[in-house]
Amino acid sequence: MSEQDYAPFMREALALAQEGRFTACPNPTVGAVLVRDGRIVAGGFHRAAGDDHAEVACLKNAAEGSRETVGATLVVTLEPCKHCGKTPPCTDAILAAGIARVVVGLADPNPLAGGGSVRLREAGVEVIEGVLEQECRDLVADFLVWQETDRPYVILKMAATLDGRIAARNGQSRWIGSAASRRKVQQWRAGVGHCGGVVLVGGGTFRADNPRLTARDASVAGPQPLACVVTSCLPRADDAAFLPAERPLQTIFFTSPAAAGSVEADRLRRRGVRVLDYGYGPHDGADFVALMRTLRQETGSPYVLCEGGGRLALSLLEADMADEFRLHLAPSILGDNEAFPLFTGRAPLGMDEALRMRVSETSLCGGDVHLVLRPVV
């Protein structure tokens, strides 16, 4: 079989890996399938740190189903590890199972764990590398950010009409997306909360919506995400807004240096709210590079889920701080120039000044089109 012949099996491993999204943190999200006689006979994914890696989970599932592993092919999204950490080396389990061929999507970027392919080849196992490499790299994009930077992985989520509007001219936005799309967002909030992450909004969204920024999916139990608001105008400490009134210990305001040093900021701090200086970036706006580093230092948060609005989203994109842009397009049209646009705040004179991203995934959800966009590589 050629490398291309293994692509459908790798796609199945990629889909299986998504079952461990968020729960695998701070480890990479990984999936594996066992192939025999041209069909998948077992699969596994990495569920949580300290649990079996995807390869071992797959081999255990094969054993439980009485599937023969000797001479079979193992397809895995990330190179099997060769070191002993919280679990034994995956290469040892692969060799013990008599696997004849291992198909790898992405070489392990962790120097401590990498080198498994070399170990397997030295033991006589055929290793094919680089199958759907970009898709496998996108799968562990969060892990790469944690490995290479000192900031959280940033997911930007927005919902818009087909003509690119996020609210009617009066600010009303309920509901642009379908119920299924909204449930998906609640699942992301729950996942981010599970990891000790943050949900981020701008001051306009905070004042207009009085949000809770919690996961309201009753089927998901666990810690709630921290709430973060970026605004140059702090609320009063005696304001009835939900976040400072009901979630003060889980709320963070990033504001201007002057506002961070104000009496009102001190009053909010006495209630338990964290008020931090966002510094100044381009055009006297927030320095989002410094802001994200501060969030990681202050909270340990591995993820930030940003839910708008348009100016905040654009600022993140301009600062190259949107690692994953999830856009929900609803099959509806407002056709109103006064309605709120998806992005606002720039004045380019030509298409060469446009911010560009690449589409990495497309899907349908409850009638909406879901796009996942990532930085151009």
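Keep in mind the model is a prediction, meaning the values are calculated, not measured.

Per the domain assignment, the segments of the protein chain are domain 1 (3-140) and domain 2 (149-375). Its C-alpha centre places domain 1 at a distance of 35 Å from the equivalent point of domain 2. If you look at the interface, domain 1 gives 6 residues, while domain 2 gives 14 residues. Across the domain 1/domain 2 interface, buried area totals approximately 800 Å², and carbon plus sulfur atoms make up 53% of it. The largest share of the area that domain 1 buries against domain 2 comes from Arg21, Phe22 and Asp138, three residues that together contribute 71% of it. At the junction of domain 1 and domain 2, the tally comes to 3 salt bridges. The salt bridge partner of arginine 358 is aspartate 138, with a shortest N-O separation of 2.7 Å. At the junction of domain 1 with domain 2, the criterion picks out 2 residue pairs in polar contact (both at pLDDT 80 or more). Here the side of domain 1 that touches domain 2 is composed, by residue class, of 2 nonpolar, 2 polar and 2 charged.

Our focus in this paragraph is the nonpolar core. Met10, Leu34, Leu74, Val75, Ile99, Val102 and Tyr303 are the most contacted members of the largest nonpolar core, which has 71 residues in total. Per element, the largest residue contribution to this core is 6 residues, and it comes from helix H1 (residues 7-17). When residues of this core are assigned to domains, at least three fall in each of domain 1 (3-140) and domain 2 (149-375). Residue contacts for leucine 74: discarding those within four places in its chain leaves Ala32, Val33, Leu34, Glu55, Cys58, Ile94, Ile99, Arg101, Val102 and Val103.

Opposite charge on two side chains lets them pair, provided their charged atoms get close. With the rule as written, the count across this model stands at 18 salt bridges. A salt bridge links arginine 326 to glutamate 324; its shortest N-O distance comes to 2.6 Å. In this structure, arginine 326 and glutamate 324 share a single accessibility class: buried. Within this structure, Arg21, Asp138, Asp142, Glu324, Arg326, Arg358 and Arg374 form a network of salt bridges that share partners.

Here is what the cut-offs are and how they apply
Residues numbered from 1 in each chain as written. Predicted model: local features only at pLDDT ≥ 70, side-chain atom pairs only at ≥ 80, totals over all residues. Heavy atoms only, no water. Domains from an automatic or database assignment. Contact = heavy atoms within 4.5 Å. Buried area = accessible area lost by both parts, 1.4 Å probe. Salt bridge = Lys/Arg side-chain N within 4 Å of Asp/Glu carboxyl O. Polar contact = N/O pair within 3.5 Å; in protein donor to acceptor, adjacent residues only side chain to side chain. Nonpolar A, V, L, I, M, F, W, Y, C, P; charged D, E, K, R; others polar. Core = buried A, V, L, I, M, F, W, Y, C linked by side-chain atoms within 4.5 Å. Buried < 20%, exposed > 50% of the residue type's maximum accessible area, 1.4 Å probe, protein only. Helix = DSSP H or I, 4+ residues; strand = E, 2+ residues; numbered from the N terminus.

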